[in-house]
Amino acid sequence: MIAESLKSLFTRDLNKLKTEIESYQNEETIWKTDKNILNSAGNLCLHLVGNLNHFVGAQLGNSGYIRNRDLEFSLKNIPRAELIQQIESTIEVINSSLGNLSAEDMEKEYPLEALGYKMTTEYFLIHLLGHLEYHLGQINYHRRLLDVE
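It should be emphasised that the depicted structure is a prediction, and the values quoted were computed from it without experimental measurement. (Residues numbered from 1 in each chain as written. Predicted model: local features only at pLDDT ≥ 70, side-chain atom pairs only at ≥ 80, totals over all residues. Heavy atoms only, no water.)

Quick look at the overall build of the protein
Right, on to step 1. The helix and strand inventory of the protein stands at 6 helices and 0 strands.
Right, on to step 2. For the protein, the α and β elements follow one another from N to C terminus as α-α-α-α-α-α.
Right, on to step 3. Relative to the globule expectation of 15 Å for 149 residues, the C-alpha radius of gyration of the protein, 16 Å, shows essentially globular dimensions.
Right, on to step 4. The principal-axis extents of the C-alpha atoms in the protein amount to approximately 50 × 25 × 25 Å.
Right, on to step 5. Put simply, the protein has 149 residues, and 44% of those count as buried.
Right, on to step 6. Nonlocal contacts in the protein, meaning residues at least 24 apart in sequence, comprise 75% of its contacts between residues at least 6 apart.
Right, on to step 7. For the protein, the accessible surface area stands at approximately 7900 Å², while carbon and sulfur atoms represent 50% of it. (Helix = DSSP H or I, 4+ residues; strand = E, 2+ residues; numbered from the N terminus. Rg over C-alpha atoms; globule rule 2.2 N^0.38 Å. Buried < 20%, exposed > 50% of the residue type's maximum accessible area, 1.4 Å probe, protein only. Contact = heavy atoms within 4.5 Å. Areas by Shrake-Rupley, 256 points an atom, 1.4 Å probe, with all protein chains shown as cover.)

Quick word on the nonpolar core
Right, on to step 1. Phe-10, Leu-17, Ile-21 and Leu-125 are the most contacted members of the largest nonpolar core, which has 37 residues in total.
Right, on to step 2. Among the secondary structure elements, those contributing two or more residues to this core are helix H1 (2-23), helix H2 (41-61), helix H4 (80-99) and helix H6 (121-146).
Right, on to step 3. Of all the elements, H2 adds the most residues to this core, at 10 residues.
Right, on to step 4. In contact with Leu-17, not counting residues within four places along its chain, are Cys-45, Leu-48, Ile-87, Leu-136 and Ile-139. (Core = buried A, V, L, I, M, F, W, Y, C linked by side-chain atoms within 4.5 Å.)

Description of the side chain of Asp-147
Right, on to step 1. Here Asp-147 lies in the segment after H6.
Right, on to step 2. Although buried, Asp-147 forms no salt bridge, and the nearest oppositely charged side chain, Arg-143, lies 5.8 Å from it.
Right, on to step 3. Of the polar contacts made by the side chain of Asp-147, one reaches the backbone nitrogen of Asn-26; its length is 3.2 Å. (Lys, Arg positive; Asp, Glu negative; His and termini not counted. Salt bridge = Lys/Arg side-chain N within 4 Å of Asp/Glu carboxyl O. Polar contact = N/O pair within 3.5 Å; in protein donor to acceptor, adjacent residues only side chain to side chain.)

Here's the deal with the packing of H1 against H6
Right, on to step 1. At their nearest, the axes of H1 and H6 sit 10 Å apart, and the two run at 15° to each other. When the interaxial angle is binned, H1 and H6 end up roughly parallel. Relative to H6, H1 is oriented so that their crossing is left-handed. In this structure, H1 uses Ile-2, Leu-6, Leu-9, Phe-10, Arg-12, Asp-13, Leu-14, Lys-16, Leu-17, Glu-20, Ile-21 and Ser-23 to contact H6, whose residues at the interface are Glu-122, Leu-125, Ile-126, Leu-128, Leu-129, Leu-132, Glu-133, Leu-136, Ile-139, Asn-140 and Arg-143.
Right, on to step 2. Partitioned by chemical class, the residues of the contact of H1 with H6 number 14 nonpolar, 2 polar and 7 charged. (Axes fitted to C-alpha atoms, helices over the stretch in contact; angles between N-to-C directions. Parallel < 35°, antiparallel > 145°, perpendicular 65-115°, else oblique. Left-handed = near helix turned anticlockwise from the far one by under 90°. Nonpolar A, V, L, I, M, F, W, Y, C, P; charged D, E, K, R; others polar.)

Dropping the structure here:
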């Protein structure tokens, strides 16, 4: 079933996000921006956690999560350990939320028009996975470009 495949892929990529955040030699660099790099790895991490907790946890898993998207980009200097904890909690939310979806649920219309049009839950979850992977790649480059001694 696709929900199981998506659980596996989200878990894989969120664990990779955790590895990227852990791999910074200098914790302060997680929050660094430079020239045309407008978003820090820390803010991208907060954005991914907020995005998934909102669109998967709250909308599909009824987690009660309330998103504050502006804070995802304005908060600074959150300790690495707290970012890691938020990623780990997000993995739990993803697995719980997707674990409760049936094949029929995946074919239902997603409850929000998050992209400006109606789509199935399955379609939007695939979009969210792509979004995670896009920003994960940015974080990887951010670390390799800016986390130098």
